[in-house]
Amino acid sequence: MVLRVLVPFVLVVFNLGLIVGQTAAPGSACSVHSNTSCEICLKNVSCLWCNSDQKCIDYPVRTILPPRSLCELPSARWGVCWVDFQALIIAMSMILGALLLAVLICCCCCCRKKKVRGPDKTEEKIIRQNEQRKIRQEERKTEMKVRHDEIRNKYGLTKENPYTKFENN
């Protein structure tokens, strides 16, 4: 029980420490790192490197993607220098599409296997009960037939000649 509370707490504190450690000191703007290198600029996670004009600018947090007026997508870098935003968007959409396709295929396969698998235990139980009911009904039917034949023989109403009861004796 203690581990369930302690482990998430430790992870949150550790991640907050990483985030605080990566951000720049208050008051230092990203524009200070302009005309340096991409690696130096991107040490601060709030900075965006524009490769076309070698500028380090504050990441526009209000928009998901940097506007075209700020920096073109193929030349914008954030996080790592070797991936531009355009490639990142294409790669992420391909990965997301592949994941959705995989989930869809798994769902279809599972549904198909369930249909092919045949009746489940409750259906088998119902089928078995119906068969037993039919067998008992046939047994009762034959018992009743035997009993009726015995009564007919007892009173002389045999089935050998159906016209005997119409004869006048």
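Structural data are supplied above this passage.
Residues numbered from 1 in each chain as written. Predicted model: local features only at pLDDT ≥ 70, side-chain atom pairs only at ≥ 80, totals over all residues. Heavy atoms only, no water.

Trainee: I'm lost on the overall build of the protein chain in this one. Help?
Mentor: On a plain count of helices and strands, the protein chain comes out with four helices and four strands. Going from N to C terminus, the protein chain has its helices and strands arranged as α-α-β-β-β-β-α-α. Split into buried and exposed, the 169 residues of the protein chain put 12% on the buried side. In the protein chain, the share of contacts with a sequence separation of at least 24, taken over all contacts with a separation of at least 6, comes to 26%. (Helix = DSSP H or I, 4+ residues; strand = E, 2+ residues; numbered from the N terminus. Buried < 20%, exposed > 50% of the residue type's maximum accessible area, 1.4 Å probe, protein only. Contact = heavy atoms within 4.5 Å.)

Trainee: Got a minute to help me understand the pairing of strand β4 (residues 80-84) in this structure?
Mentor: In the case of a regular strand, side chains alternate between the two sheet surfaces. For strand β3 (residues 76-78) and β4, the ladder comprises two bridges, and the chain directions are antiparallel. Across the sheet, residue Trp 78 finds its bridge partner in β4, namely Val 80. (Pairing = 2+ DSSP bridges.)

Trainee: What is the right way to read a nonpolar patch on the surface from this model?
Mentor: A cluster of nonpolar residues, Leu 88, Met 92, Ile 95 and Leu 99, forms a patch on the protein surface that exposes about 380 Å² of accessible area. Take Leu 88: it is sitting in helix α3 (residues 85-117). Overall, the relative accessible area of 35% leaves Leu 88 in the partly exposed class. (Patch = residues over 30% accessible without salt bridge, like charges linked within 9 Å, V, L, I, M, F, W, Y side chains within 5 Å. Areas by Shrake-Rupley, 256 points an atom, 1.4 Å probe, with all protein chains shown as cover. Salt bridge = Lys/Arg side-chain N within 4 Å of Asp/Glu carboxyl O.)

Trainee: Please clarify how the packing of aromatic side chains should be interpreted in this entry.
Mentor: Each aromatic ring pair is specified by the distance between its two centres and by the angle formed by the two planes. Taken as a whole and assessed by the stated rule, the structure comprises two aromatic pairs. With a centroid separation of 6.2 Å and an interplanar angle of 25°, the aromatic rings of Tyr 59 and Phe 85 are classed as stacked. Placement of Tyr 59 in the loop between β2 (55-58) and β3 and of Phe 85 in helix α3 is noted, with a sequence separation of 26 residues between them. For the pair Tyr 59 and Phe 85, one class covers both residues: buried. Following the ring pairs from residue to residue traces out a cluster consisting of Tyr 59, Trp 78 and Phe 85. (Phe/Tyr/Trp six-rings, centres within 6.5 Å; stacked < 30°, edge-to-face > 60°.)

Trainee: In this structure, what is going on with the pattern of salt bridges? I would like to understand it.
Mentor: Two side chains bearing opposite charge may form a pair once their charged atoms approach each other closely. Tallied over the entire structure, the rule returns three salt bridges. As a salt-bridge pair, Glu 72 and Arg 68 come within 3.4 Å of each other at their nearest N and O atoms. Arg 68 gets classed as exposed once you look at its relative accessible area, which sits at 66%.

Trainee: Sorry, what's going on with the environment of Ser 75 here?
Mentor: Structurally, Ser 75 can be placed in the loop between β2 and β3. Note on Ser 75: relative accessible area 12%, which makes it buried. In this view, Ser 75 contacts Trp 49, Cys 50, Asn 51 and Ser 52; residues no more than four positions away in its chain are not counted.

Trainee: Just checking my understanding: could you explain the state of the cysteines for this structure?
Mentor: What makes a disulfide is a covalent bond joining the sulfur atoms belonging to two cysteines. For the structure on display, the rule yields four disulfides. A sulfur-sulfur distance of 1.8 Å marks the disulfide that ties Cys 30 to Cys 47. Note on the Cys 30 and Cys 47 pair: the S-S dihedral is about -90°, so by sign convention the disulfide is left-handed. Here the residue Cys 30 occupies a position in the loop between α1 (2-22) and α2 (38-41), and Cys 47 occupies one in strand β1 (residues 47-50), the gap between them amounting to 17 residues. For the pair shown, Cys 30 and Cys 47 are each scored as buried. Disulfide partner of Cys 50: Cys 71, at an S-S distance of 2.2 Å. The sign of the S-S torsion, about 90°, decides the handedness of the disulfide formed by Cys 50 and Cys 71: right-handed. With a gap of 21 residues between them, Cys 50 in strand β1 and Cys 71 in the loop between β2 and β3 connect regions that are remote in the sequence. (Disulfide = S-S within 2.5 Å.)

So yeah, pure geometry; function would need other evidence.
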